[in-house]
Amino acid sequence: MHVRRERRGRDGERASDCGLLLLALSFVWGCTSPNPGFHAVSDGAVVDVGATDLAMSDGAGDDLPIANDVGGSDLALDATSPVDLTVDGAQRLDSGSGCTSNQQCDDKRSCTDDTCNKSTGQCLNTLRVGNCLIGGACYKDGEASAGNSCRYCSPSNNPYAFQISPDGTSCQGDALSCTKDICQQGTCVHLLNAGSCAVGGKCYSDGDVIDQCESCITRQATDKLTPIDGASCTPSNGSAGFCYQSACGGLIENHVSPNLPFGSVLAESRLLSAASIYSAGGAVYAGGSYTTSSPTPSGPQGFIVELGGTLQQLPAQPVVAMHHRITIGESGQLLVHNGAAFIGNAQLSALAIRRGVWGTRLNDGSDVFLLVGSAAASATDVGVYVCQFKPAGGIFCADGGFPSDGSLLSFAYASVAQSGGVSKAWVAPSPGAEDLYYFSTSINTWTTQPPHGCEDAGNTPCASSSGDFRALVGTSEKDLYAVGGFGLVLRYDGTGWKRDSSAVSAGLGAVQFDAAYTEGNLLTVAGSRLVGGKYEVMLFNYNKQLDRWYGPIALRSFNTADGRPMINAIAGQYNKLWFVGQQPVNGQGLRAWVLRRQ
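The rules behind each value
Residues numbered from 1 in each chain as written. Predicted model: local features only at pLDDT ≥ 70, side-chain atom pairs only at ≥ 80, totals over all residues. Heavy atoms only, no water. Core = buried A, V, L, I, M, F, W, Y, C linked by side-chain atoms within 4.5 Å. Buried < 20%, exposed > 50% of the residue type's maximum accessible area, 1.4 Å probe, protein only. Helix = DSSP H or I, 4+ residues; strand = E, 2+ residues; numbered from the N terminus. Contact = heavy atoms within 4.5 Å. Phe/Tyr/Trp six-rings, centres within 6.5 Å; stacked < 30°, edge-to-face > 60°. Salt bridge = Lys/Arg side-chain N within 4 Å of Asp/Glu carboxyl O. Disulfide = S-S within 2.5 Å. Polar contact = N/O pair within 3.5 Å; in protein donor to acceptor, adjacent residues only side chain to side chain.

**Student:** Looking at this model, I keep getting lost on the nonpolar core. Mind explaining?
**Tutor:** Among soluble globular proteins, nonpolar side chains are generally buried collectively. Counting residues in each nonpolar core, the largest one holds 33 residues, and the members touching the most others are V427, L436 and W497. When contributions to this core are tallied by element, the ones reaching two or more residues are strand 36 (367–373), strand 39 (409–416), strand 40 (422–429), strand 41 (437–440), strand 43 (469–476), strand 44 (479–484) and strand 45 (489–492). Residues within four places of V427 in sequence aside, it is in contact with V372, V384, F402, L409, F411, A412, D435, L436, Y437, W446 and L472. Ranked by size, the runner-up nonpolar core spans 19 residues in total, among them Y517, L555, W593 and L595.

See below:
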């Protein structure tokens, strides 16, 4: 059935709209663009198909509304099925003439039969059976949309709109072997297989290690690789190394020797302590001891060296502890770094025997310290001193209230209120029982009672341990570690201390942990053990995020004849971390030993 509608333009001229033939799978083209018999009206006689739906009569008085006008000559029968009908009032017959041949009606579409009704001058473009015409493009029955393989042509349902594939239907893949490509609610999704990561267009299995320092760890992420900080790796120079921030850093050996007085001959040297000195811009210093064989041995002397620098000092006593900006001598000599060198301080020199120090800087520019040592029953043997350095007021130290129980405290860690004063603190004796003492301003006393303290007795994590504590380190009051002999590792997470028996395997239980360092999500512990007549020096790393130990990372093996090699202290930062201690050298006894991770 042919339908014709008429309107009058502003000039009163009668314009003829193109007729629409609504038969099964066919329609009438009111002079498509390829038809040379039509051109755009320039006098403004335009049918408005915008806000008002264009209704087309079938001759019986029934209007057929067109729901959506998509502009130009594209009119949509519904929101999802645009049909290019080219019913456009902006075009009209030129001089009343229309098509005269089928060639003039070619709409350039492969799915239509194009004919000319010469009696009316109208083109008839009939959609072929088994085809769809959607968005101006032709599709075969069952053919998927070019932009979405989960929508397809189904002429029997609607030849002018895509149908949605059922959920679970296979769809166009992403070329990754680790994904399952299926339709969900009309969209092709690529579901990652269990135990896989998809990163940068590549598939990895859970546990795969890439470039030594990254791994597919599905419990952490499946769309990116996870850095495996602490894992053993081999850098380009072939040395021992471990990963940090996705990079492999090797451990390079250095040797330092004290600048001896003229005529002296070195017999032995050791580095016993190390620290990043705040007032020196983060420079790392190490302190230790040396003895001479000529002229006459006078016992151990002290020396301090700037690692990677030039400063050396020879204090009167071996330097056994160092932190922030204070060094402690073997018999209690205390030196403070003033920004250029370590100097004595009269106020500190009266504080009796000290063995350990912890310090930090407050917001007001002052420094606060815990100085720990002898807790014998003596007026001058105070277990803990709390000292504060004011920028313009000197040093003030107060008795920290530790009980005089005979302990010799060697390690300390504290958290402070930035307005000043220690809010929580922990100290550990060495040598002695593996006790951990806790103090807070809320209880105003020192205690080994669980959960915040730990006593080497009863049913506590500290009980039945062997060997002394050798280090106490932390990053906050909820992240502390105490390590010692025979693989001893205790961890405090803010709720209590826990024994970590997974630090080393059963076969390495004899490892003596001598030093520890922690920063961010990584803890590094250095130790040694005696195996088969040789001393082996090694590192273990604990990745806190992954809750996993890596190691041992073997550093060196030494014959036993010249003494025990050890890493005694670790300081700096992981991107430039220093390890200091002593090693046997060619039958000449022990010498100061330095390693640097670069």
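**Student:** Which parts of the structure should I look at to understand unusual backbone geometry?
**Tutor:** Most of the time, phi is negative for any residue but glycine, and the peptide bond is trans. Each neighbour pair has its own omega, and for P450 with P451 the value is 5°, a cis peptide bond. Mapped onto the elements, P451 comes out in the loop between strand 42 (445–447) and strand 43. We note that D211 has phi near 50°; this positive angle belongs to a residue other than glycine. For D211, the location among the structural elements is in the loop between strand 21 (209–210) and strand 22 (214–215). With a phi close to 70°, S246 is a non-glycine residue in the positive phi region. With respect to the secondary-structure elements, S246 resides in the loop between strand 25 (241–244) and strand 26 (247–254).

**Student:** What am I meant to see in the packing of aromatic side chains here?
**Tutor:** Summed over all chains, the structure comprises 17 aromatic pairs. On the basis of an interplanar angle of 90° and a centroid distance of 5.4 Å, the ring pair of Y285 and F342 is categorised as edge-to-face. With a gap of 57 residues between them, Y285 in strand 28 (residues 283–294) and F342 in strand 34 (residues 342–344) connect regions that are remote in the sequence. According to the relative accessible area criterion, Y285 is buried, its value standing at 4%. Measuring from ring centre to ring centre gives 5.5 Å for F558 and W593, while their planes differ by 80°; the resulting arrangement is edge-to-face. One end of the pair, F558, is in strand 50 (residues 548–559); the other, W593, is in strand 53 (residues 590–597), and 35 residues separate them in sequence. Like W593, F558 is buried. Through a chain of ring-to-ring contacts, the aromatic side chains of F242, Y244, Y517 and Y574 assemble into a single cluster.

**Student:** What's the story with the pattern of salt bridges in this structure? I'm lost.
**Tutor:** A side chain with one charge may pair with a side chain of the opposite charge, provided their charged atoms come close. For the structure shown, the criterion picks out 13 salt bridges. A salt bridge links R470 to D514; its shortest N-O distance comes to 3.5 Å. Of this pair, R470 sits in strand 43 while D514 is found in strand 47 (residues 512–519), placing the two residues 44 residues apart along the sequence. By relative accessible area, which is 2% here, D514 ends up buried. Within this structure, R325, R361 and D367 form a network of salt bridges that share partners.

**Student:** Before we go on, may I ask you to explain the state of the cysteines in this structure?
**Tutor:** The bond known as a disulfide is covalent and runs between the sulfur atoms of two cysteines. Inspection of the entire model under this criterion finds twelve disulfides. Disulfide pairing is shown between C99 and C116; the S-S distance is 2.1 Å. Looking down the S-S bond of the C99 and C116 bridge, the torsion is 95°, so its handedness is right-handed. With C99 in the loop between strand 10 (91–93) and strand 11 (112–117) and C116 in strand 11, this residue pair connects regions lying 17 residues apart in the sequence. Each member of the pair, C99 together with C116, is buried. Here C111 engages in a disulfide with C138; their sulfurs sit 2.0 Å apart. Judged by the sign of its S-S torsion, about -65°, the cystine formed by C111 and C138 is left-handed. Highlighted residues: C111 in the loop between strand 10 and strand 11 and C138 in strand 14 (residues 137–140), separated in sequence by 27 residues.

**Student:** Please clarify how the side chain of N543 should be interpreted in this entry.
**Tutor:** Considering the arrangement of structural elements, one finds N543 in strand 49 (residues 534–543). For N543, the side chain forms a polar contact with the main-chain oxygen of D229, separated by 3.0 Å. Among the polar contacts made by the side chain of N543, one reaches the main-chain amide nitrogen of Q545 at a distance of 3.1 Å. In contact with N543, not counting residues within four places along its chain, are P227, I228, D229, N521, L522, R548 and Y550.

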